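Coordinate inspection notes
If you want the building blocks of each chain, they are given just below.
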Amino acid sequence: MQIFSYQPPSIPWLDIRYIDRDIIVINKPSGLLSNPGIAEYTHDCALTRLQERFKDCILVHRLDCATSGIMVFARNKKAESSLKTQFQNRQTQKTYIAEVAGIFTDANGVIELALAADKANPPKQMVSETGKTAITHYKVISQGENKSLVELKPVTGRTHQLRVHMQALGHTILGDDFYGDDNIINAAKRLQLHAQELSFIHPYSGKPMHFSSAHPF
């Protein structure tokens, strides 16, 4: 089992990018859980920090603890239902940026590899023919000294999808202490994965909403 050491960042405590009576959008830092875990020491997270100021805040979706970037929260049941339905029906658009190991031979492509829980090594996931469908589009942005910057657009939203898909492609995300070897882990101070853009329909007005946060790599 992977040992989880949790030291959430205190700066910024909250990076709120947008707020109205229905939704709150933040830029989550790497190292902060999206929602609390079972253990008491995991109480500090994006959700509980928001709820300290906005008691009506409701979790809608998650980012991995090590992943930074744009998240949206609901402020009432109607907004929660609308946003969760959009995520479940793949009506949202998500763009991630990752710095990965190696040089690509194809500048873009589609990864279609089903994923399942790695029961021998929880909470890891693995490629499995009997797993759930998982689809990721990728496009190379730039390439350097045996590493590449890539844009990732997941069609599905499986646990650790981008991390496992990149590993399966032979381009593990730098700083990934779940799926990388010592060279990968030591290549960066954090997981080099950032949720850069998120688009959805506003649950009350019905207007298209788009938020972005430039990647820090």
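Located above this text is the structure these notes cover.
The following refers to the structure shown. (Residues numbered from 1 in each chain as written. Predicted model: local features only at pLDDT ≥ 70, side-chain atom pairs only at ≥ 80, totals over all residues. Heavy atoms only, no water.)

1. Concerning the overall build of the protein chain
Per the secondary structure count, the protein chain includes 4 helices and 11 strands. At 17 Å, the protein chain has a C-alpha radius of gyration in line with the 17 Å of a compact globule built from 217 residues. Taking the principal axes of its C-alpha atoms as reference, the protein chain extends roughly 45 × 35 × 35 Å. Counting over 217 residues, the protein chain shows a buried share of 49%. Restricting to contacts in the protein chain with at least 6 residues of sequence separation, those with at least 24 account for 61%. When the accessible surface of the protein chain is split by element, carbon and sulfur atoms take 49% of a total near 11400 Å². (Helix = DSSP H or I, 4+ residues; strand = E, 2+ residues; numbered from the N terminus. Rg over C-alpha atoms; globule rule 2.2 N^0.38 Å. Buried < 20%, exposed > 50% of the residue type's maximum accessible area, 1.4 Å probe, protein only. Contact = heavy atoms within 4.5 Å. Areas by Shrake-Rupley, 256 points an atom, 1.4 Å probe, with all protein chains shown as cover.)

2. Quick word on the pattern of salt bridges
Per the counting criterion, the structure on display carries 10 salt bridges. The salt bridge involving Arg49 is made with Asp44; its shortest N-O contact spans 2.7 Å. The salt bridge involving Glu80 is made with Lys77; its shortest N-O contact spans 3.4 Å. Of the two residues, Glu80 and Lys77 are both situated in helix α2 (residues 77-88); the distance of 3 residues between them amounts to about one turn of the helix. On the basis of relative accessibility, which here comes to 13%, the residue Glu80 falls in the buried class. (Salt bridge = Lys/Arg side-chain N within 4 Å of Asp/Glu carboxyl O.)

3. Considerations on empty space enclosed by the protein
In this structure the tally under the stated criterion is 2 cavities of 30 Å³ or more. Its volume calculated, the largest cavity comes out at about 50 Å³. Lining the largest cavity are His61, Leu63, Ile70, Lys94, Tyr96, Ala195, Glu197 and Leu198. Listed by contribution, the elements that provide at least two residues to the lining of the largest cavity are β4 (93-101) and β10 (193-201). Examining the composition of the lining of the largest cavity, we find that 3 residues originate from one element, β10, more than from any other. Of the residues contributing to the lining of the largest cavity, the split by class is 5 nonpolar, 1 polar and 2 charged. When its volume is computed, the second largest cavity comes out at roughly 40 Å³. (1 Å grid on protein atoms, 1.4 Å probe; cavity = no way out; pocket = protein on both sides within 12 Å on 5 of 7 lines; lining within 4 Å. Points joined across faces, edges and corners; volume = space filled by probe spheres on them. Nonpolar A, V, L, I, M, F, W, Y, C, P; charged D, E, K, R; others polar.)

4. Considering helix α1 (residues 46-53)
Along α1, the residues that are buried comprise Ala46, Leu47, Thr48, Arg49 and Leu50. Residues of α1 that are buried make contact with β1 (16-19), β2 (23-28) and β3 (68-74).

5. A word on the packing of aromatic side chains
All told, the structure shown has 4 aromatic pairs when counted by the stated rule. When the centroid spacing of 5.4 Å and the interplanar angle of 40° are considered together, the rings of Phe104 and Tyr138 count as tilted. You can see Phe104 sitting in the loop between β4 and β5 (108-112) and its partner Tyr138 sitting in strand β8 (residues 135-143), a full 34 residues away along the chain. The class of Phe104 is buried, set by a relative accessible area of 8%. (Phe/Tyr/Trp six-rings, centres within 6.5 Å; stacked < 30°, edge-to-face > 60°.)

6. A word on helix α3 (residues 161-168)
Of all 8 residues in α3, 6 are buried, a share of seventy percent or more. Those residues of α3 not exposed but buried are Gln161, Leu162, Arg163, Val164, His165 and Met166.

7. A word on the side chain of Asp22
With respect to the helices and strands, the residue Asp22 is situated in the loop between β1 and β2. In this structure Asp22 comes out as buried when scored by relative accessible area, which is 7%. A polar contact is formed between the side chain of Asp22 and the side chain of Asn76, at a distance of 2.9 Å. For Asp22, the contacting residues outside a window of four places in its chain are Phe73, Ala74, Arg75, Asn76, Ala79, His202, Pro203 and Tyr204. (Polar contact = N/O pair within 3.5 Å; in protein donor to acceptor, adjacent residues only side chain to side chain.)

8. A closer look at the nonpolar core
Residues Leu50, Phe73, Val150, Leu152 and Leu193 are the most contacted members of the largest nonpolar core, which totals 32 residues. Elements with a contribution of two residues or more to this core: β2, α1, β3, β4, β8, β9 (147-154), α3 and β10. Judged by nonpolar contacts, the second largest core, of 14 residues, contains Val60, Ile70, Val72 and Leu198. (Core = buried A, V, L, I, M, F, W, Y, C linked by side-chain atoms within 4.5 Å.)

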